[in-house]
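Coordinates in review
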Amino acid sequence: MNIKAVIFDLDGVLTDTAGHHYFAWKEIAFKLGLNLTHEHNEKLKGVSRSESLELICNWANSNISKADKLKLLEEKNNRYLESIENLSAKDILPGVTDFLNDLDSRGLSLAVGSSSKNARFILRKIGLERRFTAIVDGNMVAKTKPDPEVFIKAAEFMGKAAENCLVVEDAPAGVQAGKKAGMWVWGLGNPAELNLADICTTGLQGFTIDSIKELMHSA
Ligand code: B16
Ligand code: MG
């Protein structure tokens, strides 16, 4: 195992915006007659905005027009942007800064691979934008997770081979994307849901690249 680069998912890995997405989607779902629950929301993690709306329409048995869908997508994003207005460095998840410092000190390349079209804006808000060699977001790919495109592009930007990349992900769709890209995957969250990951922990806190490599080696 020769890890030369680490590609981070954004939402749920570097910062926790899932709650903000949830409340924005809850308002949209309500308009479609659906009470969106936490269980529904789990299925939206890592899934693009338009695919999330398709899922919600299916759950609500709603058959609205394409024009109405576009309006709802705009409304959801406006609501979401309002909700993250005060996001700042205090919203960086525990362990992230120490882990990034460890990777820098070891000379590894760092990238972000996110389904979010707001990824760059969010990274700027939390003060992490300049820490990554490559930021590939939902605006730069034709297919979103579980398709591997976002991670393949990030590796290409860094000039690294897939087998030398480690993806850090919190969503089943993202873990699948990382494995399809032929990369190592570190899952953050419930091991039963992230069972395709090479290793799974609850967060980044307390880990270094060496301790993670050791855990993956013995897994
Ligand atoms: P936006 P990630 C994903 O980001 C979120 O997990 C998912 O809930 C969201 O729908 C998606 O981005 C699109 O976000 O509406 O901002 O374009 O986890 O891949 O960093
Ligand atoms: Mg995520």
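We now turn to the structure provided with this report. (Residues numbered from 1 in each chain as written. Chains lettered and ligands numbered in written order. Predicted model: local features only at pLDDT ≥ 70, side-chain atom pairs only at ≥ 80, totals over all residues. Heavy atoms only, no water.)

A count of helices and strands for the protein gives 9 helices and 6 strands. Compactness check: the protein gives a C-alpha radius of gyration of 17 Å against a globular reference of 17 Å for 219 residues, within 12% of the reference. Per-residue burial over the protein gives 49% buried out of 219 residues. The long-range fraction of contacts in the protein, counting pairs at least 24 apart against all pairs at least 6 apart in sequence, stands at 61%. (Helix = DSSP H or I, 4+ residues; strand = E, 2+ residues; numbered from the N terminus. Rg over C-alpha atoms; globule rule 2.2 N^0.38 Å. Buried < 20%, exposed > 50% of the residue type's maximum accessible area, 1.4 Å probe, protein only. Contact = heavy atoms within 4.5 Å.)

For the magnesium ion (ligand 2), the full set of protein donor atoms is D9 (OD), D11 (O) and D170 (OD), and the range of their distances to it is 2.0 to 2.2 Å. Read N to C, the donor residues that coordinate the magnesium ion (ligand 2) are spaced as D-x1-D-x158-D. With D9 in the loop between β1 (5–8) and α1 (18–31) and D170 in the loop between β4 (165–169) and α8 (172–180), this pair connects stretches of sequence that are 161 residues apart. The exposure classification of D9 matches that of D170, with both residues buried. (Donors = N, O, S within 2.8 Å, 3.2 Å for Na, K, Ca; no water.)

Next up on the list: unusual backbone geometry. Along the chain, K145 connects to P146 via a cis peptide bond; the corresponding omega equals 15°. On the secondary structure map, P146 appears in the loop between β3 (134–136) and α7 (149–158). One non-glycine residue, N61, lies in positive phi territory at about 50°. What makes N61 exposed here is its relative accessible area of 72%.

Formed by 34 residues in total, the largest nonpolar core has its most connected members in V6, F8, L14, L123, F132 and W186. Secondary-structure elements contributing two or more residues to this core are β1, α5 (96–105), β2 (109–113), α6 (119–125), β4, β5 (184–188) and α9 (209–218). Top element by residues in this core is α5. It accounts for 4 residues. Setting aside residues no more than four positions away along its own chain, V6 makes contact with F99, L103, L108, S109, L110, A111, L166, V168 and I209. By size, the runner-up hydrophobic cluster in this structure holds 20 residues, among which are V141, V150, A177 and A181. (Core = buried A, V, L, I, M, F, W, Y, C linked by side-chain atoms within 4.5 Å.)

Let's shift gears to the site of ligand 1. In the neighbourhood of ligand 1, 17 residues make up the surrounding shell, with V47, S114, S116, K117 and N118 lying closest. Between ligand 1 and K145, the relevant distance is 2.9 Å, taken from an oxygen atom to a side-chain nitrogen or oxygen of the residue. In the complex, 97% of the free accessible area of ligand 1, which totals 470 Å², lies under the protein chains. Counted by class, the shell around ligand 1 contains 3 nonpolar, 7 polar and 7 charged residues. Lining the shell around ligand 1 are residues from two domains, each supplying at least three of them: domain 1 (5–15 + 89–218) and domain 2 (18–83). (Near = heavy atom within 4 Å. Polar contact = N/O pair within 3.5 Å; in protein donor to acceptor, adjacent residues only side chain to side chain. Areas by Shrake-Rupley, 256 points an atom, 1.4 Å probe, with all protein chains shown as cover. Nonpolar A, V, L, I, M, F, W, Y, C, P; charged D, E, K, R; others polar. Domains from an automatic or database assignment.)

For β2, the tally of buried residues reaches 5 of 5 residues, placing the bulk of the element in the interior. Residues of β2 alternate between two faces, with S109, A111 and G113 on one and L110 and V112 on the opposite face, all of them buried. Of the pairings in the sheet, the one linking β1 to β2 comprises 4 bridges and is parallel in character. The residue of β2 that forms the bridge with I7 is A111. When β2 meets β3, the two strands line up parallel, connected through 3 bridges. Residue pairing in the sheet places G113 in a bridge with V136 of β3. In the classification by handedness, the crossover that spans β2, the intervening α6 and the parallel β3 is right-handed. (Pairing = 2+ DSSP bridges. Right-handed = clockwise from strand over helix to strand, strands pointing away.)

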